[in-house]
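Here is how the chains run, residue by residue.
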Amino acid sequence: MVQSPIIRVALTVVTSVFVYYALKFLRFQYRKVTSPLHCIPGPKSTHWLMGNPEVMGKMRQLYTTDTRALSYVLQHGENYQKPDFRREGIIHGEGEPICTSERRIIVEAMSGLLRVRGDQHKNQRRIMNPAFGPIQLRDLTPIITDKVNLMRDLWLREVPSNGEPMVLDALSWLSKATLDIIGLAGFHYAFNALNPEKKPNELNAAFSAFFNDTGLKFTSVNGILRGLFPIMDKVFPDKGVDKVMKARATMARIQDELLVESKAQFADEREKDGGKNKARDLLSLLVKANMSQDGGRHLTDAELSGQIPTFLVAGHETTSTATAWALFSLTQHPVAQSRLRNEVLTLPTDTPSMDELNSLPYLEAVVREALRLHAPVPLSVRIAQQDDVIPLGTPFVDINGIKHESIKISKGDVISIPIMFTNRAPAIWGVDADKFRPERWIDGAVPEGAHSIPGIWGNQMTFMGGPHACIGFRFSLLEIKALLFVLLRSFVFELGVPAEDIVAKQSVVRRPVVGSQWEKGAQLPVAVRRYEPTEGRI
């Protein structure tokens, strides 16, 4: 029987795909049997062949909240590196790497601190660190408070003055505010997301197309196949991919324009006054630090402009989501909400300085507790680059009854960093580990076990630790505090739907959604009414 060329090509493609995945499956099973992790106790298997894929994904992983082990992994970043995004995609959901076409495009567009590794990461971090220091953040505080007060004023237009509540989507508003803030504070760009006239903004539209959950079907079969076989984008064009590609081109062009402007501004200032004028936005600070340094390798233009999407990804959705979860917690604990309002009202200003915000102990406690319970990114992953032995703080007994004080790791093994579960571990935080209780942070009430958590801030893992800890954690904390400070002074919050209807949806960050309105995507409906100074204080 004579086969047509098309049928032969189709059969070749199908056979190649089958062989590819068959080999991957056999490799997976071989690693599963031979890995030293095989003897570690884990969740009960639910499948005779695949183990427990529902719990751990399709890869064998080390998953532990042992703080000594976590500290070791985070401090030895040269051996425990983030997955190679170009080959393995971005971590999705609870840790399973899925590389879709859209994700591949997004990651390839980012050459900033979130993506790079090794010496390149060290060099970028060395140059960027001063821009995120306390002195620079003090200068950025007015930008933050101005935008937060603008959002408050827009809410005052919406919320009736007769004491009746108005249901608003707090997450949407917070997302707009933090986008405006990071635009101005990050690279002196006005997104105008809070613009009441809703005038179109080119970068705002591109950013929405690039990262909007509704526009990116990260786990669709079509997207996954295109991620595995990039040639499909050329042979079989896809409207979704084309949209992301156009958005990427727009963002790249504007990034380059912003960098050119920052460099020209610095050169002009240096010529006029020796560069003594203070640059306020982070990109200008980076340009100044990069062009002023005498020793070490300078950042390339691509590395500098690559920080812009890094600022957007790391400093926008994470902060707005964290603040939304904080508001959710306060709606469920009216006594804590009243106590916080009473405290913020002790400052006679709507534009507090960074030092004034940091002087409020209960505001600090509320922010710590909200970030402990609701880490925006609940999980991170590292891949062992070579065989190693990880020390443990607490010994364990393996499935053969043998006691171990360390864990053997093979090259290629996956180590999960359970951020949220470490933050909520009853062994560390006690029986109320899953409860919102800001008082645990006051008067030295933090449990002893929490002091061993290897996070960079707050005896928790929310901002991670080690060389790859969140470089902008101080900026994020400043934003969250300013948002809560201003909003609690003007409004009283209740949840706009039953509390049990609010569930978490994991995409890039862990965002609130209304379970009965899943199709509407991430949102947090809150019933907002104006605060009257005559209301009694608790």
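Please read these numbers as outputs of a predicted model, since none were measured by experiment.

Peer 1: What am I meant to see in the overall build of the chain here?
Peer 2: Looking only at helices and strands, the chain has 21 helices and 13 strands in total. Accessible area for the chain stands at about 25600 Å²; split by element, carbon and sulfur atoms hold 57% of it.

Peer 1: Would you mind going over the UniProt feature "binding site: heme" (unreviewed entry) in the chain with me for this structure?
Peer 2: As recorded in UniProt, the sites labelled "binding site: heme" (unreviewed entry) are C470. Note on placement: C470 falls in the loop between α20 (426–429) and α21 (473–490).

Peer 1: Would you take a moment to explain the confidence of the model for the chain for this structure?
Peer 2: For the chain, per-residue confidence averages 82 on the pLDDT scale, and residues scoring 70 or more make up 79% of the total. Ignoring residues within four places in sequence, the model shows residues 85–105, a span with pLDDT below 50, making 67 contacts including any to other chains. Across residues 213–221, confidence stays below pLDDT 50; counting only partners more than four residues off in sequence or on other chains, it has 19 contacts.

Peer 1: For this particular structure, what's the right way to read the packing of aromatic side chains?
Peer 2: Scanning all chains against the criterion turns up 14 aromatic pairs. Their ring planes at 65° and their centres at 6.2 Å tell us that Y63 and F421 sit as a pair that is edge-to-face. Residue Y63 is located in strand β1 (residues 61–63), and its partner F421 is located in helix α19 (residues 419–423); the two are separated by 358 residues in the primary sequence. Look at Y63 and you get partly exposed, because its relative accessible area is 34%. With relative accessibility at 42%, the residue F421 sits in the partly exposed group. Between the aromatic rings of F463 and F473, the centroid separation amounts to 5.9 Å while the plane-to-plane angle is 50°, which identifies the pairing as tilted. Of the two residues, F463 is situated in the loop between α20 and α21 and F473 in helix α21; the sequence distance between them amounts to 10 residues. Given a relative accessible area of 8%, F473 falls into the buried group. Taken together, W155, W173, F491 and F493 form an aromatic cluster joined through their ring pairs. Positioned above the aromatic ring of W173 is the side chain of K176, whose terminal nitrogen or guanidinium carbon lies 5.3 Å from the ring centre. A cation sits over an aromatic face here: R372 above W429, 5.0 Å from the ring centre.

Peer 1: Could you clarify how one ought to interpret the nonpolar core in this entry?
Peer 2: Note that soluble globular proteins tend to have their nonpolar side chains buried in a common cluster. With 125 residues, the main nonpolar core has F187 and L484 as its most contacted residues. No other element matches α21, which puts 12 residues into this core. The contacts of F187, once residues within four sequence positions are left out, are I182, L203, L258, D281, L283, I308, F311 and L312.

Peer 1: Would you explain the packing of helix α16 (residues 334–344) against α21 in this entry?
Peer 2: For any two helices packed against each other, the geometry is given by the interaxial angle and the distance between the axes. At their nearest, the axes of α16 and α21 sit 9 Å apart, and the two run at 100° to each other. In this view, α16 runs roughly perpendicular relative to α21, as classed from their interaxial angle. When α16 is examined against α21, the residues Q337, L340, R341 and V344 are found in contact with a partner set consisting of F485, L488 and R489. Broken down by class, the residue content of the contact of α16 with α21 amounts to four nonpolar, one polar and two charged.

Peer 1: Would you mind showing me how to read helix α7 (residues 134–158) here?
Peer 2: Residues lying three or four places apart along an α-helix face the same way, a consequence of the helix completing one turn every 3.6 residues. Between its first and last C-alpha atoms α7 spans 36 Å; for 25 residues at 1.5 Å apiece the expected length is 36 Å, and the two agree. Largest kink in α7: about 40°, centred on L140, with the proline P142 one to four residues after it.

About the cut-offs
- Residues numbered from 1 in each chain as written.
- Predicted model: local features only at pLDDT ≥ 70, side-chain atom pairs only at ≥ 80, totals over all residues.
- Heavy atoms only, no water.
- Helix = DSSP H or I, 4+ residues; strand = E, 2+ residues; numbered from the N terminus.
- Areas by Shrake-Rupley, 256 points an atom, 1.4 Å probe, with all protein chains shown as cover.
- UniProt positions renumbered as here; feature names shortened; annotations may be inferred.
- pLDDT = per-residue confidence, 0-100.
- Contact = heavy atoms within 4.5 Å.
- Phe/Tyr/Trp six-rings, centres within 6.5 Å; stacked < 30°, edge-to-face > 60°.
- Buried < 20%, exposed > 50% of the residue type's maximum accessible area, 1.4 Å probe, protein only.
- Lys NZ or Arg CZ within 6 Å of the ring centre and 35° of its normal.
- Core = buried A, V, L, I, M, F, W, Y, C linked by side-chain atoms within 4.5 Å.
- Axes fitted to C-alpha atoms, helices over the stretch in contact; angles between N-to-C directions.
- Parallel < 35°, antiparallel > 145°, perpendicular 65-115°, else oblique.
- Nonpolar A, V, L, I, M, F, W, Y, C, P; charged D, E, K, R; others polar.
- Expected span 1.5 Å × (residues − 1).
- Bend = angle between axes of the 7 residues up to and from the residue.

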